[in-house]
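Observations on the three-dimensional arrangement
What follows is each chain in one-letter form.
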Amino acid sequence: MTTATRVWSPAGRLARELAGHLGRRGISSQISECEGIALVGVWSVGLTVWCEWGPTGWRFRWSLSDTSAPGPWRYTSCPCSAMETAVGRIMRLYTERYWRMYGAAPEGAQHRSEAGEDGRA
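Anyway, here's the lowdown on the structure attached to this text. Owing to the predicted nature of the structure, the values given are computational and were not obtained by experimental measurement. (Residues numbered from 1 in each chain as written. Predicted model: local features only at pLDDT ≥ 70, side-chain atom pairs only at ≥ 80, totals over all residues. Heavy atoms only, no water.)

Some words on the nonpolar core
One finds L18, L22, L47, V49, F60 and W62 to be the most contacted residues of the largest nonpolar core, which totals 25 residues. At the level of secondary structure, the elements contributing two or more residues to this core comprise α1 (10-24), β2 (37-42), β3 (47-54), β4 (57-63) and α2 (83-102). In terms of residue count, α2 provides more of this core than any other element does, seven residues in total. For L18, the contacting residues outside a window of four places in its chain are V40, V49, F60, M83, V87 and I90. (Core = buried A, V, L, I, M, F, W, Y, C linked by side-chain atoms within 4.5 Å. Buried < 20%, exposed > 50% of the residue type's maximum accessible area, 1.4 Å probe, protein only. Helix = DSSP H or I, 4+ residues; strand = E, 2+ residues; numbered from the N terminus. Contact = heavy atoms within 4.5 Å.)

Here we look at the environment of V45
Residue position: V45 is located in the loop between β2 and β3. What makes V45 buried here is its relative accessible area of 4%. Sequence separation of V45 and Y102 is 57 residues, and the distance between their C-alpha atoms is 9.3 Å. In this view, V45 contacts Y94, R97, Y98 and M101; residues no more than four positions away in its chain are not counted.

Details of the packing of aromatic side chains
Summed over all chains, the structure comprises five aromatic pairs. Relative to W58, the ring of W53 lies with its centre 5.5 Å away and its plane at 80°, an arrangement referred to as edge-to-face. Since its relative accessible area comes to 58%, W53 is described here as exposed. In this structure W58 comes out as partly exposed when scored by relative accessible area, which is 25%. Relative to Y75, the ring of W73 has its centre 6.5 Å away and its plane inclined at 50°; by these criteria the two rings are tilted. (Phe/Tyr/Trp six-rings, centres within 6.5 Å; stacked < 30°, edge-to-face > 60°.)

Thoughts on the pairing of β2
Summarising the sheet, strand β1 (residues 30-34) and β2 pair through five bridges and their orientation is antiparallel. Counted as the bridge partner of E33 is A38 from β2. Between the antiparallel neighbours β1 and β2 lie two residues, among them E35 with a positive phi of about 55°. As paired strands, β2 and β3 are joined by five bridges and run antiparallel to one another. When the sheet's bridge partners are listed, G41 is paired in β3 with T48. Between β2 and β3, which pair antiparallel one after the other, the connecting turn spans four residues, and G46 there sits at a positive phi close to 65°. (Pairing = 2+ DSSP bridges.)

Structure, rendered in structure tokens:
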């Protein structure tokens, strides 16, 4: 009997790692992967993080702009090798958007800020 083994692309593996870090900090996300690019969607605040190959290697890339605001969108990126930095920046943007959309801090935000950005005391 032969069993199929799923082979994850580097983008998919990195996206799953990012989603795991966010999940441990209370941020739900969904992963999509196709053609060597993976997306981590944080749909509750309209945030999509791409994991893609860039000029200097694997990177996470996302929009800083509010999707409902007129004008050009601004993007930023962070090397996948700096996972904790990316997680911290995404958490700050998530909290900012959550406040703007729902008028309150995300559940557990007080605990996260007391424990530090990485969730450790």
